[in-house]
Number of protein chains: 2
Amino acid sequence: MNQQKLNKHISGQFNAELEEVRNQVLVMGGLVEQQLSDAITAMHKQDLDLARQTVARDQEVNALEVEIAEDCTRIIAKRQPAASDLRLVLVVLKTITDLERIGDAAKRISRMVIDNADQPQPPLVSIENMGRRAVSMLHQGLDAFARMDLTAAIAVHKQDSQLNRDYESIVRELMTFMMEDPRSIPQVLKVLWCVRSLERVGDRVQHLCEYIIYFVKGKDVRHRSDEDIYNLLD
Amino acid sequence: MNQQKLNKHISGQFNAELEEVRNQVLVMGGLVEQQLSDAITAMHKQDLDLARQTVARDQEVNALEVEIAEDCTRIIAKRQPAASDLRLVLVVLKTITDLERIGDAAKRISRMVIDNADQPQPPLVSIENMGRRAVSMLHQGLDAFARMDLTAAIAVHKQDSQLNRDYESIVRELMTFMMEDPRSIPQVLKVLWCVRSLERVGDRVQHLCEYIIYFVKGKDVRHRSDEDIYNLLD
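Every value quoted in this text rests on a predicted model; they were computed, and no experiment measured them. (Residues numbered from 1 in each chain as written. Chains lettered and ligands numbered in written order. Predicted model: local features only at pLDDT ≥ 70, side-chain atom pairs only at ≥ 80, totals over all residues. Heavy atoms only, no water.)

**Q** Just to check I follow, could you spell out the nonpolar core for this structure?
**A** What tends to happen in soluble globular proteins is that the nonpolar side chains get buried as a cluster. Within the largest apolar cluster, 148 residues are counted, with the highest numbers of intra-cluster contacts made by Leu36 and Val92 of chain A together with Leu36 and Val92 of chain B. If we ignore the near neighbours within four places in the chain, the residues touching leucine 36 of chain B are Ile102, Ala106, Ile109, Ala134, Val135, Leu138, Leu198 and Val201 of chain B. (Core = buried A, V, L, I, M, F, W, Y, C linked by side-chain atoms within 4.5 Å. Buried < 20%, exposed > 50% of the residue type's maximum accessible area, 1.4 Å probe, protein only. Contact = heavy atoms within 4.5 Å.)

**Q** What is the right way to look at the relation of the copies chain B and chain A in this model?
**A** Relating one copy of the chain to the other requires a rotation about an axis plus a shift along that axis. For the pair chain B and chain A, the superposition axis carries a translation of 0.0 Å, the fit reaches an RMSD of 0.0 Å, and the rotation angle comes to 180°. The operation mapping one copy onto its partner corresponds to a two-fold rotation axis. Measuring from the rotation axis to each C-alpha of chain B, the shortest distance belongs to glutamine 80 of chain B, at 2.8 Å. Same-surface contact between copies: 100% of interface residues of chain B are shared with the interface of chain A. (Least-squares fit on C-alpha atoms with pLDDT ≥ 70 in both.)

**Q** What should I look at first to understand the pattern of salt bridges in this one?
**A** Close approach of charged atoms allows side chains of opposite charge to pair. Residue and element names in this part refer to chain A. What the rule picks out here adds up to 33 salt bridges over all chains. Taking the shortest distance from any N to any O, the salt bridge between arginine 57 and glutamate 60 comes out at 3.2 Å. Highlighted residues: arginine 57 and glutamate 60, both in helix H2 (residues 48-79), separated by three residues, approximately one helical turn. Residue classification places glutamate 60 among the partly exposed residues on the basis of a relative accessible area of 38%. (Salt bridge = Lys/Arg side-chain N within 4 Å of Asp/Glu carboxyl O. Helix = DSSP H or I, 4+ residues; strand = E, 2+ residues; numbered from the N terminus.)

**Q** Please clarify how the packing of aromatic side chains should be interpreted in this entry.
**A** We describe a pair of aromatic rings using the distance from one ring centre to the other and the angle between the two ring planes. A complete count under the given rule lists one aromatic pair over all chains for this structure. Relative to tryptophan 193 of chain B, the ring of tryptophan 193 of chain A has its centre 5.1 Å away and its plane inclined at 70°; by these criteria the two rings are edge-to-face. With one member in each of two chains, tryptophan 193 of chain A in helix H7 (residues 185-217) and tryptophan 193 of chain B in helix H7 (residues 185-217) form a pair that bridges those chains. Assessed through its relative accessible area of 11%, tryptophan 193 of chain A is described here as buried. If you follow arginine 196 of chain A out to its NZ or CZ, it ends over the ring of tryptophan 193 of chain B, 4.2 Å from the centre. (Phe/Tyr/Trp six-rings, centres within 6.5 Å; stacked < 30°, edge-to-face > 60°. Lys NZ or Arg CZ within 6 Å of the ring centre and 35° of its normal.)

**Q** Help me out: how do you make sense of the interface of chain B and chain A in this one?
**A** One widely used convention gives an interface's size as the accessible area the parts lose upon coming together. Taken residue by residue, the interface counts 32 residues in chain B and 32 residues in chain A. Regarding the contact of chain B and chain A, the summed buried area is about 3200 Å², with carbon and sulfur atoms giving 67% of it. Looking at the side of chain B facing chain A, the largest losses of area belong to Met179, Trp193 and His223 of chain B, adding up to 20% of the total buried there. Where chain B meets chain A, there are two salt bridges. Residue arginine 222 of chain A is joined to glutamate 65 of chain B by a salt bridge in which the shortest nitrogen-to-oxygen separation is 2.9 Å. Linking chain B with chain A are four residue pairs in polar contact (both at pLDDT 80 or more), by the criterion used here. Those elements that provide at least two residues to the side of chain B that touches chain A are helix H2 (48-79), helix H3 (83-115), helix H6 (160-180) and H7 of chain B. Counting residues per element, the side of chain B that touches chain A draws most heavily on H7 of chain B, which supplies nine residues. (Buried area = accessible area lost by both parts, 1.4 Å probe. Polar contact = N/O pair within 3.5 Å; in protein donor to acceptor, adjacent residues only side chain to side chain.)

**Q** Would you mind going over the packing of helix H4 (residues 125-147) of chain B against H7 of chain B with me for this structure?
**A** Residues and elements named next belong to chain B. At a closest axis distance of 10 Å, the pairing of H4 and H7 adopts a crossing angle of 20°. In terms of their interaxial angle, H4 and H7 are classed as roughly parallel. Considering the relative orientation of H4 and H7, their crossing is left-handed. Across from Ile127, Met130, Gly131, Ala134, Met137, Leu138, Gly141, Leu142, Ala144 and Phe145 in H4, the residues of H7 making contact are Val191, Val195, Leu198, Glu199, Val201, Gly202, Val205, Gln206, Leu208 and Ile212. (Axes fitted to C-alpha atoms, helices over the stretch in contact; angles between N-to-C directions. Parallel < 35°, antiparallel > 145°, perpendicular 65-115°, else oblique. Left-handed = near helix turned anticlockwise from the far one by under 90°.)

**Q** For this particular structure, what's the right way to read helix H5 (residues 150-158) of chain A?
**A** All names here are of chain A. Listed in full, the buried residues belonging to H5 are Leu150, Ala152, Ala153, Ile154, Val156 and His157. Residues of H5 that are buried in the fold lie against helix H4 (125-147), helix H6 (160-180), H7 and helix H8 (226-230). Here H5 starts with a cap whose side-chain oxygen sits 3.0 Å from the backbone nitrogen of threonine 151, and that cap is aspartate 149.

**Q** Before we go on, may I ask you to explain unusual backbone geometry in this structure?
**A** Most peptide bonds adopt trans geometry, and most residues besides glycine take a negative phi value. The backbone of histidine 223 of chain A sits at a positive phi, close to 70°, despite the residue not being glycine. Here histidine 223 of chain A lies in the loop between H7 and H8. Residue glutamine 46 of chain B is not a glycine yet carries a positive backbone phi of 50°. Relative to the assigned elements, glutamine 46 of chain B resides in the loop between helix H1 (3-45) and H2.

**Q** Any chance you could explain the environment of glutamate 168 of chain B here in plain terms?
**A** All names here are of chain B. Structurally, glutamate 168 can be placed in helix H6. Given a relative accessible area of 44%, glutamate 168 falls into the partly exposed group. A C-alpha to C-alpha distance of 9.5 Å links glutamate 168 and glutamate 199, two positions 31 residues apart in sequence.

Here is the structure:
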(Lines give C-alpha, C1' and ligand atoms only; values in the text may rest on other atoms or scores of the structure.)
Protein backbone atom coordinates (compact mmCIF):
# COMPACT_ATOMS: atom_id res chain seq x y z
CA MET A 1 0.00 0.00 0.00
CA ASN A 2 1.57 3.32 -0.99
CA GLN A 3 1.58 6.31 1.35
CA GLN A 4 -1.25 8.10 -0.40
CA LYS A 5 -3.49 5.05 -0.25
CA LEU A 6 -2.56 4.53 3.38
CA ASN A 7 -3.42 8.13 4.25
CA LYS A 8 -6.73 7.78 2.49
CA HIS A 9 -7.37 4.54 4.34
CA ILE A 10 -6.58 6.13 7.71
CA SER A 11 -8.68 9.18 6.97
CA GLY A 12 -11.46 6.83 5.84
CA GLN A 13 -11.34 5.09 9.22
CA PHE A 14 -11.22 8.44 10.97
CA ASN A 15 -14.26 9.69 9.09
CA ALA A 16 -16.07 6.47 9.97
CA GLU A 17 -15.29 7.06 13.65
CA LEU A 18 -16.53 10.65 13.49
CA GLU A 19 -19.64 9.52 11.66
CA GLU A 20 -20.25 6.82 14.27
CA VAL A 21 -19.99 9.28 17.16
CA ARG A 22 -22.36 11.67 15.39
CA ASN A 23 -24.83 8.84 14.90
CA GLN A 24 -24.56 7.94 18.56
CA VAL A 25 -25.56 11.49 19.48
CA LEU A 26 -28.64 11.17 17.29
CA VAL A 27 -29.50 7.83 18.94
CA MET A 28 -29.11 9.44 22.35
CA GLY A 29 -31.12 12.47 21.20
CA GLY A 30 -33.92 10.23 19.92
CA LEU A 31 -34.05 8.41 23.24
CA VAL A 32 -34.15 11.68 25.21
CA GLU A 33 -36.90 13.03 22.97
CA GLN A 34 -38.95 9.87 23.57
CA GLN A 35 -38.34 10.15 27.33
CA LEU A 36 -39.53 13.75 27.42
CA SER A 37 -42.55 12.96 25.30
CA ASP A 38 -43.43 9.97 27.53
CA ALA A 39 -43.07 12.07 30.67
CA ILE A 40 -45.54 14.62 29.31
CA THR A 41 -47.98 11.90 28.25
CA ALA A 42 -47.65 10.29 31.69
CA MET A 43 -48.46 13.63 33.30
CA HIS A 44 -51.41 14.36 31.02
CA LYS A 45 -52.98 10.89 31.32
CA GLN A 46 -51.87 10.30 34.91
CA ASP A 47 -50.25 7.10 33.63
CA LEU A 48 -48.17 5.83 36.55
CA ASP A 49 -46.75 2.84 34.66
CA LEU A 50 -45.41 5.06 31.92
CA ALA A 51 -44.01 7.45 34.54
CA ARG A 52 -42.18 4.58 36.27
CA GLN A 53 -40.78 3.29 32.96
CA THR A 54 -39.55 6.77 32.11
CA VAL A 55 -37.75 7.08 35.46
CA ALA A 56 -36.14 3.65 34.93
CA ARG A 57 -34.95 4.40 31.39
CA ASP A 58 -33.01 7.47 32.47
CA GLN A 59 -30.00 5.28 33.17
CA GLU A 60 -29.86 4.29 29.48
CA VAL A 61 -29.45 7.97 28.66
CA ASN A 62 -26.73 8.33 31.32
CA ALA A 63 -24.87 5.27 30.03
CA LEU A 64 -24.94 6.63 26.49
CA GLU A 65 -23.50 9.94 27.68
CA VAL A 66 -20.54 8.22 29.36
CA GLU A 67 -19.98 5.95 26.35
CA ILE A 68 -20.01 8.77 23.80
CA ALA A 69 -17.73 10.92 25.98
CA GLU A 70 -15.22 8.06 26.11
CA ASP A 71 -15.37 7.67 22.31
CA CYS A 72 -14.71 11.40 21.89
CA THR A 73 -11.72 11.33 24.25
CA ARG A 74 -10.31 8.35 22.38
CA ILE A 75 -10.74 10.09 19.02
CA ILE A 76 -8.95 13.22 20.25
CA ALA A 77 -6.06 11.19 21.73
CA LYS A 78 -5.68 8.81 18.79
CA ARG A 79 -6.60 10.89 15.77
CA GLN A 80 -5.47 14.34 16.87
CA PRO A 81 -8.22 16.06 14.92
CA ALA A 82 -7.88 19.68 13.85
CA ALA A 83 -10.13 22.41 12.47
CA SER A 84 -13.71 21.30 11.77
CA ASP A 85 -13.05 17.70 12.88
CA LEU A 86 -11.94 18.95 16.29
CA ARG A 87 -14.91 21.32 16.46
CA LEU A 88 -17.22 18.40 15.75
CA VAL A 89 -15.79 16.31 18.59
CA LEU A 90 -15.97 19.25 21.03
CA VAL A 91 -19.54 19.98 19.93
CA VAL A 92 -20.50 16.35 20.53
CA LEU A 93 -19.00 16.50 24.04
CA LYS A 94 -21.07 19.57 24.88
CA THR A 95 -24.24 18.35 23.22
CA ILE A 96 -24.39 15.10 25.18
CA THR A 97 -24.17 17.02 28.47
CA ASP A 98 -27.23 19.07 27.54
CA LEU A 99 -29.10 16.01 26.25
CA GLU A 100 -28.42 14.19 29.50
CA ARG A 101 -29.85 17.13 31.47
CA ILE A 102 -32.97 17.12 29.29
CA GLY A 103 -33.25 13.44 30.22
CA ASP A 104 -33.11 14.50 33.88
CA ALA A 105 -36.02 16.87 33.25
CA ALA A 106 -38.06 13.95 31.87
CA LYS A 107 -37.21 11.96 34.98
CA ARG A 108 -38.16 14.86 37.26
CA ILE A 109 -41.57 15.25 35.58
CA SER A 110 -42.21 11.50 35.81
CA ARG A 111 -41.31 11.49 39.50
CA MET A 112 -43.74 14.35 40.11
CA VAL A 113 -46.50 12.33 38.41
CA ILE A 114 -45.78 9.44 40.80
CA ASP A 115 -45.53 11.69 43.89
CA ASN A 116 -48.68 13.65 43.14
CA ALA A 117 -50.83 10.63 42.19
CA ASP A 118 -54.29 10.44 43.79
CA GLN A 119 -54.17 14.09 44.78
CA PRO A 120 -56.30 16.88 43.32
CA GLN A 121 -54.51 18.21 40.24
CA PRO A 122 -53.84 21.83 39.37
CA PRO A 123 -54.72 22.74 35.76
CA LEU A 124 -52.31 20.75 33.59
CA VAL A 125 -53.62 21.38 30.06
CA SER A 126 -51.45 24.39 29.34
CA ILE A 127 -48.45 22.53 30.77
CA GLU A 128 -49.07 19.73 28.31
CA ASN A 129 -49.08 22.25 25.47
CA MET A 130 -45.86 23.79 26.72
CA GLY A 131 -44.34 20.32 27.04
CA ARG A 132 -45.28 19.42 23.45
CA ARG A 133 -43.68 22.63 22.28
CA ALA A 134 -40.47 21.74 24.14
CA VAL A 135 -40.45 18.24 22.58
CA SER A 136 -40.97 19.73 19.13
CA MET A 137 -38.11 22.22 19.69
CA LEU A 138 -35.84 19.36 20.72
CA HIS A 139 -36.89 17.31 17.69
CA GLN A 140 -36.14 20.18 15.32
CA GLY A 141 -32.87 20.93 17.13
CA LEU A 142 -31.73 17.32 16.64
CA ASP A 143 -32.76 17.54 13.00
CA ALA A 144 -30.62 20.65 12.56
CA PHE A 145 -27.77 18.82 14.31
CA ALA A 146 -28.08 15.83 11.97
CA ARG A 147 -27.63 18.12 8.98
CA MET A 148 -25.43 20.73 10.74
CA ASP A 149 -27.88 23.21 9.26
CA LEU A 150 -27.21 26.82 10.31
CA THR A 151 -30.52 28.23 9.07
CA ALA A 152 -32.52 25.56 10.86
CA ALA A 153 -30.46 26.01 14.06
CA ILE A 154 -31.24 29.72 14.14
CA ALA A 155 -34.93 29.10 13.46
CA VAL A 156 -35.09 26.66 16.41
CA HIS A 157 -33.12 29.07 18.62
CA LYS A 158 -35.79 31.71 18.06
CA GLN A 159 -38.60 29.43 19.24
CA ASP A 160 -37.43 29.63 22.84
CA SER A 161 -39.09 33.02 23.35
CA GLN A 162 -42.52 31.40 22.85
CA LEU A 163 -41.63 28.71 25.40
CA ASN A 164 -40.67 31.47 27.83
CA ARG A 165 -44.04 33.17 27.31
CA ASP A 166 -45.79 29.82 27.97
CA TYR A 167 -43.74 29.53 31.13
CA GLU A 168 -44.63 32.98 32.43
CA SER A 169 -48.30 32.45 31.79
CA ILE A 170 -48.37 29.02 33.49
CA VAL A 171 -46.53 30.36 36.55
CA ARG A 172 -49.18 33.11 36.88
CA GLU A 173 -51.93 30.50 36.53
CA LEU A 174 -50.39 28.25 39.20
CA MET A 175 -49.83 31.21 41.55
CA THR A 176 -53.52 32.09 41.33
CA PHE A 177 -54.37 28.46 42.02
CA MET A 178 -52.21 28.47 45.17
CA MET A 179 -53.59 31.79 46.40
CA GLU A 180 -57.13 30.51 46.06
CA ASP A 181 -56.35 27.24 47.82
CA PRO A 182 -53.26 27.60 50.03
CA ARG A 183 -53.49 23.96 51.12
CA SER A 184 -52.53 23.02 47.56
CA ILE A 185 -49.17 24.84 47.84
CA PRO A 186 -46.87 21.83 48.52
CA GLN A 187 -48.33 19.89 45.63
CA VAL A 188 -48.48 22.79 43.18
CA LEU A 189 -44.85 23.61 43.95
CA LYS A 190 -43.87 20.17 42.65
CA VAL A 191 -45.71 20.96 39.44
CA LEU A 192 -43.99 24.35 39.29
CA TRP A 193 -40.53 22.74 39.44
CA CYS A 194 -41.52 20.64 36.43
CA VAL A 195 -42.69 23.67 34.49
CA ARG A 196 -39.37 25.29 35.34
CA SER A 197 -37.60 22.18 34.02
CA LEU A 198 -39.51 22.48 30.75
CA GLU A 199 -38.45 26.10 30.47
CA ARG A 200 -34.84 24.95 30.97
CA VAL A 201 -35.28 22.35 28.20
CA GLY A 202 -35.76 25.27 25.83
CA ASP A 203 -32.51 26.85 27.06
CA ARG A 204 -30.69 23.56 26.51
CA VAL A 205 -32.02 23.21 22.97
CA GLN A 206 -30.76 26.76 22.42
CA HIS A 207 -27.32 25.58 23.58
CA LEU A 208 -27.54 22.75 21.03
CA CYS A 209 -28.27 25.34 18.32
CA GLU A 210 -25.32 27.45 19.50
CA TYR A 211 -23.04 24.41 19.17
CA ILE A 212 -24.24 23.92 15.58
CA ILE A 213 -23.46 27.60 14.89
CA TYR A 214 -20.00 27.10 16.46
CA PHE A 215 -19.41 24.07 14.25
CA VAL A 216 -20.52 25.76 11.04
CA LYS A 217 -19.17 29.26 11.63
CA GLY A 218 -16.26 28.49 14.01
CA LYS A 219 -17.66 31.22 16.30
CA ASP A 220 -18.49 30.83 19.98
CA VAL A 221 -21.83 32.67 20.29
CA ARG A 222 -22.62 31.81 23.90
CA HIS A 223 -23.53 34.88 25.94
CA ARG A 224 -24.14 36.87 22.76
CA SER A 225 -27.42 38.69 22.25
CA ASP A 226 -30.07 36.95 20.14
CA GLU A 227 -29.71 39.76 17.60
CA ASP A 228 -25.96 39.09 17.24
CA ILE A 229 -26.69 35.41 16.70
CA TYR A 230 -29.44 35.96 14.17
CA ASN A 231 -27.28 38.37 12.18
CA LEU A 232 -24.95 35.45 11.41
CA LEU A 233 -27.36 34.37 8.70
CA ASP A 234 -26.81 37.55 6.68
CA MET B 1 19.62 23.22 19.19
CA ASN B 2 19.62 19.42 19.03
CA GLN B 3 16.39 17.42 18.82
CA GLN B 4 16.36 16.48 22.50
CA LYS B 5 16.78 20.07 23.62
CA LEU B 6 14.10 21.15 21.14
CA ASN B 7 11.68 18.54 22.47
CA LYS B 8 12.36 19.68 25.99
CA HIS B 9 11.85 23.28 24.92
CA ILE B 10 8.55 22.47 23.24
CA SER B 11 7.33 20.42 26.16
CA GLY B 12 8.40 23.27 28.47
CA GLN B 13 6.23 25.66 26.44
CA PHE B 14 3.41 23.16 26.45
CA ASN B 15 3.58 22.79 30.23
CA ALA B 16 3.55 26.57 30.57
CA GLU B 17 0.40 26.72 28.42
CA LEU B 18 -1.30 24.04 30.50
CA GLU B 19 -0.26 25.80 33.69
CA GLU B 20 -1.61 29.09 32.34
CA VAL B 21 -5.00 27.62 31.51
CA ARG B 22 -5.20 26.00 34.95
CA ASN B 23 -4.41 29.35 36.55
CA GLN B 24 -7.10 31.01 34.47
CA VAL B 25 -9.63 28.54 35.86
CA LEU B 26 -8.59 29.50 39.37
CA VAL B 27 -8.94 33.20 38.51
CA MET B 28 -12.40 32.53 37.11
CA GLY B 29 -13.26 30.39 40.14
CA GLY B 30 -12.14 33.14 42.53
CA LEU B 31 -14.30 35.66 40.69
CA VAL B 32 -17.33 33.37 40.77
CA GLU B 33 -16.82 32.70 44.48
CA GLN B 34 -16.71 36.45 45.12
CA GLN B 35 -19.85 36.96 43.04
CA LEU B 36 -21.76 34.31 44.97
CA SER B 37 -20.57 35.66 48.29
CA ASP B 38 -21.54 39.22 47.29
CA ALA B 39 -24.98 38.07 46.14
CA ILE B 40 -25.62 36.49 49.53
CA THR B 41 -24.37 39.57 51.38
CA ALA B 42 -26.57 41.76 49.17
CA MET B 43 -29.56 39.59 50.03
CA HIS B 44 -28.81 39.53 53.75
CA LYS B 45 -28.17 43.27 54.06
CA GLN B 46 -30.67 44.31 51.39
CA ASP B 47 -27.77 46.12 49.70
CA LEU B 48 -29.10 47.16 46.31
CA ASP B 49 -25.83 48.70 45.13
CA LEU B 50 -23.95 45.49 45.76
CA ALA B 51 -26.72 43.53 44.03
CA ARG B 52 -26.48 45.77 40.95
CA GLN B 53 -22.67 45.44 40.86
CA THR B 54 -22.98 41.66 41.08
CA VAL B 55 -25.41 41.55 38.16
CA ALA B 56 -23.07 43.75 36.11
CA ARG B 57 -19.95 41.71 36.82
CA ASP B 58 -21.52 38.52 35.49
CA GLN B 59 -20.28 39.40 32.03
CA GLU B 60 -16.67 39.23 33.26
CA VAL B 61 -17.33 35.63 34.23
CA ASN B 62 -18.90 34.92 30.83
CA ALA B 63 -15.97 36.51 28.99
CA LEU B 64 -13.49 34.40 30.96
CA GLU B 65 -15.41 31.25 30.08
CA VAL B 66 -15.23 31.99 26.35
CA GLU B 67 -11.54 32.96 26.58
CA ILE B 68 -10.50 29.83 28.49
CA ALA B 69 -12.52 27.61 26.13
CA GLU B 70 -10.68 29.13 23.17
CA ASP B 71 -7.32 28.52 24.86
CA CYS B 72 -8.25 24.89 25.46
CA THR B 73 -9.31 24.36 21.84
CA ARG B 74 -6.06 25.91 20.65
CA ILE B 75 -4.02 23.67 22.97
CA ILE B 76 -5.78 20.54 21.71
CA ALA B 77 -5.31 21.52 18.06
CA LYS B 78 -1.71 22.67 18.37
CA ARG B 79 -0.25 20.41 21.05
CA GLN B 80 -2.25 17.23 20.49
CA PRO B 81 -2.12 16.34 24.18
CA ALA B 82 -2.58 12.74 25.32
CA ALA B 83 -3.19 10.90 28.58
CA SER B 84 -3.26 13.14 31.65
CA ASP B 85 -2.55 16.31 29.64
CA LEU B 86 -5.63 15.67 27.53
CA ARG B 87 -7.66 14.84 30.62
CA LEU B 88 -6.61 18.14 32.15
CA VAL B 89 -7.76 20.14 29.13
CA LEU B 90 -11.09 18.29 28.99
CA VAL B 91 -11.56 18.80 32.73
CA VAL B 92 -10.92 22.52 32.33
CA LEU B 93 -13.52 22.72 29.54
CA LYS B 94 -16.13 21.08 31.76
CA THR B 95 -15.20 23.00 34.89
CA ILE B 96 -15.63 26.43 33.30
CA THR B 97 -19.16 25.52 32.18
CA ASP B 98 -20.15 24.71 35.76
CA LEU B 99 -18.39 27.81 37.12
CA GLU B 100 -20.23 29.99 34.63
CA ARG B 101 -23.56 28.52 35.76
CA ILE B 102 -22.67 29.21 39.41
CA GLY B 103 -22.07 32.79 38.27
CA ASP B 104 -25.60 32.76 36.82
CA ALA B 105 -26.92 31.70 40.23
CA ALA B 106 -25.20 34.73 41.81
CA LYS B 107 -26.81 36.95 39.19
CA ARG B 108 -30.23 35.40 39.78
CA ILE B 109 -30.02 35.99 43.54
CA SER B 110 -28.90 39.60 42.99
CA ARG B 111 -31.79 40.21 40.59
CA MET B 112 -34.21 38.86 43.19
CA VAL B 113 -32.81 41.30 45.76
CA ILE B 114 -33.47 44.16 43.33
CA ASP B 115 -36.96 42.91 42.35
CA ASN B 116 -38.09 42.26 45.93
CA ALA B 117 -36.72 45.52 47.40
CA ASP B 118 -39.11 47.51 49.63
CA GLN B 119 -41.39 44.53 50.04
CA PRO B 120 -41.95 42.57 53.24
CA GLN B 121 -39.28 39.86 53.41
CA PRO B 122 -39.79 36.19 54.15
CA PRO B 123 -37.33 34.76 56.74
CA LEU B 124 -33.91 34.98 55.10
CA VAL B 125 -31.54 34.03 57.95
CA SER B 126 -31.46 30.32 57.18
CA ILE B 127 -31.01 31.13 53.48
CA GLU B 128 -27.94 33.18 54.36
CA ASN B 129 -26.52 30.21 56.28
CA MET B 130 -27.21 27.91 53.35
CA GLY B 131 -25.60 30.42 51.00
CA ARG B 132 -22.46 30.64 53.15
CA ARG B 133 -22.24 26.86 53.13
CA ALA B 134 -22.49 26.84 49.32
CA VAL B 135 -19.72 29.47 49.08
CA SER B 136 -17.53 27.45 51.42
CA MET B 137 -18.11 24.28 49.38
CA LEU B 138 -17.13 26.15 46.22
CA HIS B 139 -14.03 27.56 47.91
CA GLN B 140 -12.90 24.11 49.06
CA GLY B 141 -13.73 22.61 45.66
CA LEU B 142 -11.51 25.18 43.95
CA ASP B 143 -8.77 24.44 46.49
CA ALA B 144 -9.00 20.74 45.66
CA PHE B 145 -8.86 21.65 41.97
CA ALA B 146 -5.72 23.78 42.47
CA ARG B 147 -3.94 20.79 44.00
CA MET B 148 -5.82 18.09 42.02
CA ASP B 149 -6.34 16.51 45.43
CA LEU B 150 -8.49 13.36 45.35
CA THR B 151 -9.05 13.13 49.11
CA ALA B 152 -10.13 16.76 49.34
CA ALA B 153 -12.40 16.38 46.28
CA ILE B 154 -14.23 13.46 47.89
CA ALA B 155 -14.55 15.32 51.22
CA VAL B 156 -16.14 18.29 49.41
CA HIS B 157 -18.40 15.99 47.37
CA LYS B 158 -19.83 14.62 50.62
CA GLN B 159 -20.80 18.05 51.91
CA ASP B 160 -23.61 18.34 49.38
CA SER B 161 -25.94 16.18 51.48
CA GLN B 162 -25.93 18.86 54.21
CA LEU B 163 -26.75 21.52 51.63
CA ASN B 164 -29.66 19.37 50.45
CA ARG B 165 -30.95 19.12 54.02
CA ASP B 166 -30.71 22.91 54.36
CA TYR B 167 -32.66 23.20 51.13
CA GLU B 168 -35.47 20.86 52.23
CA SER B 169 -35.83 22.65 55.52
CA ILE B 170 -35.94 26.14 53.95
CA VAL B 171 -38.51 25.02 51.38
CA ARG B 172 -40.74 23.79 54.22
CA GLU B 173 -40.27 27.07 56.05
CA LEU B 174 -41.17 29.13 52.97
CA MET B 175 -44.20 26.94 52.22
CA THR B 176 -45.53 27.60 55.71
CA PHE B 177 -44.92 31.31 55.18
CA MET B 178 -46.95 31.24 51.95
CA MET B 179 -49.78 29.22 53.45
CA GLU B 180 -50.11 31.70 56.31
CA ASP B 181 -50.04 34.70 54.00
CA PRO B 182 -51.10 33.72 50.47
CA ARG B 183 -50.63 37.30 49.25
CA SER B 184 -46.90 36.78 49.73
CA ILE B 185 -46.81 33.91 47.21
CA PRO B 186 -45.46 35.80 44.15
CA GLN B 187 -42.65 37.34 46.16
CA VAL B 188 -41.76 34.20 48.13
CA LEU B 189 -41.63 32.22 44.90
CA LYS B 190 -38.82 34.50 43.71
CA VAL B 191 -36.95 33.69 46.91
CA LEU B 192 -37.65 29.98 46.38
CA TRP B 193 -36.04 30.04 42.92
CA CYS B 194 -32.91 31.48 44.54
CA VAL B 195 -32.85 28.78 47.20
CA ARG B 196 -33.20 26.26 44.41
CA SER B 197 -30.25 27.90 42.63
CA LEU B 198 -28.15 27.55 45.79
CA GLU B 199 -29.04 23.88 45.97
CA ARG B 200 -27.87 23.55 42.35
CA VAL B 201 -24.59 25.28 43.24
CA GLY B 202 -23.87 22.29 45.48
CA ASP B 203 -24.54 19.92 42.57
CA ARG B 204 -22.17 21.90 40.37
CA VAL B 205 -19.42 21.82 42.98
CA GLN B 206 -19.98 18.05 43.07
CA HIS B 207 -19.41 18.01 39.29
CA LEU B 208 -16.17 19.90 39.85
CA CYS B 209 -15.10 17.21 42.35
CA GLU B 210 -16.04 14.48 39.87
CA TYR B 211 -13.81 16.13 37.25
CA ILE B 212 -10.91 16.09 39.73
CA ILE B 213 -11.55 12.38 40.32
CA TYR B 214 -11.62 11.82 36.54
CA PHE B 215 -8.30 13.65 36.18
CA VAL B 216 -6.57 11.78 39.00
CA LYS B 217 -8.08 8.33 38.50
CA GLY B 218 -8.90 8.43 34.79
CA LYS B 219 -12.41 7.22 35.68
CA ASP B 220 -15.66 8.87 34.69
CA VAL B 221 -17.72 8.69 37.90
CA ARG B 222 -20.72 10.72 36.78
CA HIS B 223 -24.01 8.93 37.44
CA ARG B 224 -22.27 6.59 39.90
CA SER B 225 -23.62 6.20 43.44
CA ASP B 226 -21.94 8.25 46.17
CA GLU B 227 -20.79 4.96 47.73
CA ASP B 228 -19.02 3.93 44.50
CA ILE B 229 -17.30 7.30 44.39
CA TYR B 230 -16.22 7.25 48.02
CA ASN B 231 -14.78 3.75 47.64
CA LEU B 232 -12.22 5.15 45.20
CA LEU B 233 -10.21 6.36 48.19
CA ASP B 234 -9.58 2.82 49.44
